[in-house]
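# An overview of the molecular structure
Here's the letter readout for the chains.
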Amino acid sequence: MNMKKIGVVLTNLGTPEAPTKAALKVYLEEFLKDPRVIELPKWQWYPILYGIILNVRPQKSAEKYQIVWDNGSPLLNITKRQAEQLQALLPDNYRVNIAMRYGNPSIESAIKEMIAEKVDEIVIFPLYPQYSAATTASVMDKVGEVLKELRYFPALRVLGAYYQHPRYIEACVDQIRKETEGKSLDRYVFSYHGMPLQTYKDGDPYYDHCMETTKLIAEKMGEPLERFETVFQSRFGKAEWLQPYAAEFFETAPAKGIKNIAVFCPGFSADCLETLEEMAMENRDLFLGANGESYHFIPCINNNELHIEMMQEIVIE
C-alpha cells in the first residue's frame, strides 16, 4: 500500500492568460458564469453579465493586472513553486501538479494527466483555508463535471478547509512576525475576501471560519484579540456583503486613533491581484490619504516553509 502511486493536484482560483482586455474577458466570463459565484437565476444575471460587466470590467481589470504582472501571473507562478516544494517533501510515489478553477492549467487537464500517468489515487487539494461554496464547493463541482465524461478514473479525495491546522496557523504567525519585527503597531488588520451576506444567512460557514482564523492566530501570537481587526475586501455589486468592509475601515480608522497598522490576508494561500494591488496599493492609499501614518503590507504565506510542510502533512494524512 505504501507504494501506491498518488497524484496530488494543488488547486487555486485562477488567472487570465495575459493582462489584456481580451484575456480578461475570457477569464471573467468563465468565473462570473459559475452559479456558485453569482447565485442569481440566469435570466436575471446574464443580461447584466453580457450587457454591462463583460463590456466594461475586462479593460479595468487588465489595467490592474498589468501593475502586478511579473513574468506571468503572480498567483500562477507562486502556485507552481508551491507544487515544486511540496513535491520535494513527499515520497517518490507521489506526483504533484497544479490546476486553476478558472483558466489554465485546468482541472480537466490536471485530472487527465494524472490518469495518463496511471496513478492509483488522486488527491484534489483546494488551496482555500476557509470553506466557502464559491471556492471549495466550486472545485468539487468542476471535478464532478470532468469525471462524468470519463470512462475510467481512479480513487479520488477532495480535501476541505484547513484553517484550524496547527501548521497553517504557525505559518501565518511566522509570516506576520518576520514582516513586523521592530514595528510599532496600533492594530493588525486581517482582510479576507468578501462574500454576500445572504450567502452566510443561507448556511455558508465562511464567515465563521474567518473569525475563528483571526482568533487562532491572535492566540498563537500571544496577543489580545482586541489588537486585531477583521475586515472583508473585494466587494462586488450592490448587495450587502460581509462587514466591516475593508475600504471603509481604512478610510475611517485614522480618525479613531488607529494610525499604524500591519495588513495581512490569511484567506489567500498565494499573493494575487486582490492582495498585491487591492491591499498593498489601493487600500494603502486610502489609509494614508485619511491621515494614517504607517501601513505595512504582509505578503501571503506563499512559499513559507511551514506552509509547504502543512501541505505535506495534510496530503500524507
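Residues numbered from 1 in each chain as written. Predicted model: local features only at pLDDT ≥ 70, side-chain atom pairs only at ≥ 80, totals over all residues. Heavy atoms only, no water.

## Here's the deal with the overall build of the protein
Along its length, the protein carries 11 helices and 8 strands. The C-alpha radius of gyration computed for the protein amounts to 20 Å, which stays within 12% of the reference 20 Å derived for 317 residues, consistent with globular compactness. C-alpha extents for the protein along the principal axes are approximately 60 × 50 × 40 Å. Looking at the protein as a whole, 50% of its 317 residues are labelled buried. Only carbon and sulfur atoms are counted for the fraction: they give 51% of the accessible area of the protein, which is about 14,900 Å². Across the protein, 34 positive and 44 negative side-chain charges occur, with their mean positions spaced 4 Å apart. (Helix = DSSP H or I, 4+ residues; strand = E, 2+ residues; numbered from the N terminus. Rg over C-alpha atoms; globule rule 2.2 N^0.38 Å. Buried < 20%, exposed > 50% of the residue type's maximum accessible area, 1.4 Å probe, protein only. Areas by Shrake-Rupley, 256 points an atom, 1.4 Å probe, with all protein chains shown as cover. Lys, Arg positive; Asp, Glu negative; His and termini not counted. Charge placed at Lys NZ, Arg CZ, Asp CG, Glu CD.)

## Observations concerning the pattern of salt bridges
The tally for this structure, following the rule as stated, stands at 15 salt bridges. Of the charged contacts, one joins Arg-157 and Glu-121 as a salt bridge, the two residues approaching to 2.5 Å between their closest N and O atoms. With a gap of 36 residues between them, Arg-157 in strand S4 (residues 155-158) and Glu-121 in strand S3 (residues 121-126) connect regions that are remote in the sequence. Through salt bridges with shared partners, a single network forms among Arg-167, Glu-170, Glu-309 and Glu-313. (Salt bridge = Lys/Arg side-chain N within 4 Å of Asp/Glu carboxyl O.)

## What about a nonpolar patch on the surface?
A contiguous nonpolar patch, built from Ile-48, Ile-52 and Val-56 and spanning about 240 Å² of accessible area, is present on the exposed surface. Topologically, Ile-52 is positioned in helix H2 (residues 42-68). (Patch = residues over 30% accessible without salt bridge, like charges linked within 9 Å, V, L, I, M, F, W, Y side chains within 5 Å.)

## Notes on the sheet that holds strand S6 (residues 228-233)
If you walk across this open sheet you meet the 4 strands as S6-S5-S7-S8, and the pairing is parallel. The sheet terminates laterally at S6 and strand S8 (294-297), the two strands that pair on one side only. Pairs of neighbouring strands in the sheet enclose a mean axial angle of 25°, with direction left out of account. Bridge analysis of strand S5 (residues 187-193) against strand S7 (residues 260-264) gives 4 bridges, and the strand direction is parallel. What sits directly across from Arg-187, in S7, is Ile-261. Sheet strands in contact with helix H6 (residues 166-180) are S5 and S7, and its direction is about 145° off that of S7. (Pairing = 2+ DSSP bridges. Axes fitted to C-alpha atoms, helices over the stretch in contact; angles between N-to-C directions. Contact = heavy atoms within 4.5 Å.)

## Focus on helix H4 (residues 107-116)
Buried within H4 are the following residues: Ile-107, Ala-110, Ile-111, Met-114 and Ile-115. Viewed end-on, H4 has its buried residues packed into an arc of 135°, placing them on one side of the element. Contacts from the buried residues of H4 go to strand S1 (6-14), strand S2 (94-102), S3 and helix H5 (133-147). (Arc of directions from axis to C-beta.)

## Points about the UniProt feature "binding site: Fe(2+)" (unreviewed entry) in the protein
Look at the UniProt record and you will see "binding site: Fe(2+)" (unreviewed entry) annotated at His-193 and Glu-274. Annotated residues spanning 82 residues; largest pairwise C-alpha distance 8.3 Å, indicating a single compact cluster. Its place among the elements puts Glu-274 in helix H10 (residues 273-289). Sequence-distant contacts of Glu-274, defined by excluding residues within four places in its chain, comprise His-193, Gln-233, Ser-234, Phe-268 and Met-279. (UniProt positions renumbered as here; feature names shortened; annotations may be inferred.)

## Remarks on H10
Most pronounced at Met-279, the bend in H10 amounts to some 30°. Buried residues along H10 sit against H2, S5, S6, helix H9 (246-252), S7 and S8. Asn-291 sits one or two positions beyond H10 and adopts a positive phi of about 80°. (Bend = angle between axes of the 7 residues up to and from the residue.)

## Side note on the pairing of S7
For S7, the tally of buried residues reaches 5 of 5 residues, placing the bulk of the element in the interior. Of the two faces of S7, both are covered, the one formed by Asn-260, Ala-262 and Phe-264 as well as the one formed by Ile-261 and Val-263. As for the winding sense of the linkage, the β-α-β connection from S7 through H10 to S8 is right-handed. (Right-handed = clockwise from strand over helix to strand, strands pointing away.)

## Concerning the sheet that holds S4
If you walk across this open sheet you meet the 4 strands as S2-S1-S3-S4, and the pairing is parallel. Sheet topology places S2 and S4 at the edges, where each strand pairs with a single neighbour. Within the sheet, the average angular offset between the axes of one strand and its neighbour, ignoring direction, is 20°. Sheet analysis places S3 next to S4, joined by 4 bridges and oriented parallel. Across the sheet, residue Val-123 finds its bridge partner in S4, namely Arg-157. Packing against the sheet, helix H1 (residues 21-32) makes contact with S1 and S2, and its axis sits at approximately 90° to S2. Contacts from helix H11 (residues 305-316) reach S1, S2 and S3, with the element oriented near 140° to S3.

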